[in-house]
Amino acid sequence: MENTIDIIENPSSQDYILQLKDVSVSYTPGKNAVNEVSADILPNTVTAIMGPSGCGKSTLLRAINRLHELYPSITTTGEILLKGQNIFEMNPMKVRRLAGMVFQRPNPFPTMSIGENVLSGYMLNNIKLSKSEKEELVESSLQRVGLWSEVKDAIGKKGTFLSGGQQQRLCIARTIALRPELLLMDEPTSALDPISTNRIEELILELKEQYTIVIVTHNMSQAARLSDNSMFMYLGELIEYDNTKQMFTKPKDKRTEDYLTGQFG
Ligand SMILES: Nc1ncnc2c1ncn2[C@@H]1O[C@H](COP(=O)(O)OP(=O)(O)OP(=O)(O)O)[C@@H](O)[C@H]1O
Ligand SMILES: [Mg+2]
């Protein structure tokens, strides 16, 4: 695994799946929680976002699928391009389908069965599917996350009966069922035990062949194991963005180095 950033030499804008251009997000006027972040992300890569608590990682991730506009007091400026298209000129539902989000705590819909959870994106968007399409989608999505053999006899049971790790895989299946391009994961394993964490990490590496993944993590060894490229954020700013190996061995900024060596603060 050499420098992924250089896999495509001199990439042009249509090579990128995601482009952030001077993205700022503010919860309170005059104070940016994310400050002028610019970065380009190539397809089929895993990008880790690291940085101390409160530096704006989740805020940045939520901007990418337009979750902030559900709250009128939050302002987002700058440009975010998904496959070259400005997300603010797209239908927000389409943005959220193309850029699926997986959260820190597994959050299957408690009133829905396992099968309904997988199909929930379609149900909530009023997209009608035939019975066979539904069956196919439930099976293929659960297969993809390695959950099918564990739950195939319990598709009608509530998703909340599953273990934490299984619930998180169900949530990933629910996102994948919508055939996204980009998976945004906000500390997807921080609420899980080591075995479930391992399982999700393996899954992320498999999913990378088909999807592009941006994962927020506090776990530096996880970032090193999983990611091609890494971002280090501090106080809302993107301090460093580089090939992960490069960043972990030769960080360019003193703050990145201090963070990676645990000497922060
Ligand atoms: N809904 C909100 N309203 C007001 N301020 C917020 C809100 N959410 C986050 N913030 C503030 O924005 C900044 C960035 O928060 P964010 O949650 O993005 O950080 P983070 O890097 O994800 O931290 P953590 O590692 O703890 O999850 C923080 O100063 C936080 O207090
Ligand atoms: Mg966060």
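Think of each chain on its own: its residues are numbered from 1, step by step along the sequence as written. Whichever chain is written first is A, and whichever ligand is written first is 1; the rest continue in order. Confidence filtering applies because this is a predicted model: local features only for residues at pLDDT of at least 70, side-chain atom pairs given and counted only at 80 or more, and all residues used for totals across whole chains, interfaces and linings. With hydrogens and water stripped out, all remaining heavy atoms of the structure feed into the side-chain values.

Enquirer: Can you tell me about the nonpolar core, naming the residues and giving the values?
Expert: Generally speaking, nonpolar side chains in soluble globular proteins are found buried as a group. Throughout, nonpolar core names a set of buried Ala, Val, Leu, Ile, Met, Phe, Trp, Tyr and Cys residues whose side chains join them through atoms within 4.5 Å. We call a residue buried when its accessible area falls under 20% of the maximum for its residue type, exposed when it is over 50%, and partly exposed in between, using a 1.4 Å probe and counting protein chains only. One finds Leu-142, Ile-172, Met-185, Ile-204, Leu-207, Ile-213 and Ile-215 to be the most contacted residues of the largest nonpolar core, which totals 40 residues. By definition, residues are in contact when any of their heavy atoms lie within 4.5 Å. Those residues in contact with Ile-204 that lie beyond four places of it in its chain are Val-46, Met-185, Ile-213, Ile-215 and Leu-226. Grouped together as the second largest cluster of nonpolar side chains are 32 residues, Cys-55, Leu-182, Leu-184 and Met-233 included.

Enquirer: Residue-level account of the sheet that holds strand S1 (residues 18-26), with values.
Expert: Taken in spatial order, the four strands line up as S2-S1-S4-S5 in an open sheet, and their pairing is antiparallel. In the strand order of this sheet, the two ends are held by strand S2 (34-41) and strand S5 (85-86), each with one partner. Axis lines are fitted to C-alpha atoms, over the contacting stretch for helices. Their N-to-C directions set the angle, which ranges from 0 to 180 degrees. By definition, any uninterrupted DSSP run of H or I lasting at least four residues is a helix, any uninterrupted run of E lasting at least two residues is a strand, and each is numbered from the N terminus. Sitting on the sheet, helix H1 (residues 57-64) is in contact with S1, S2 and strand S4 (75-82), with an inclination near 120 degrees to S1. Criterion used throughout: strands pair if DSSP finds at least two bridges between them.

Enquirer: For unusual backbone geometry, give the residues involved together with the corresponding values.
Expert: Despite not being glycine, Arg-66 shows a phi value in the positive range, around 60 degrees. Relative to the elements of secondary structure, Arg-66 occurs in the loop between H1 and S4. Non-glycine residue Lys-83 carries a positive phi angle of around 50 degrees. The topology assignment puts Lys-83 in the loop between S4 and S5. On the accessibility criterion, Lys-83 (52% relative accessible area) is exposed.

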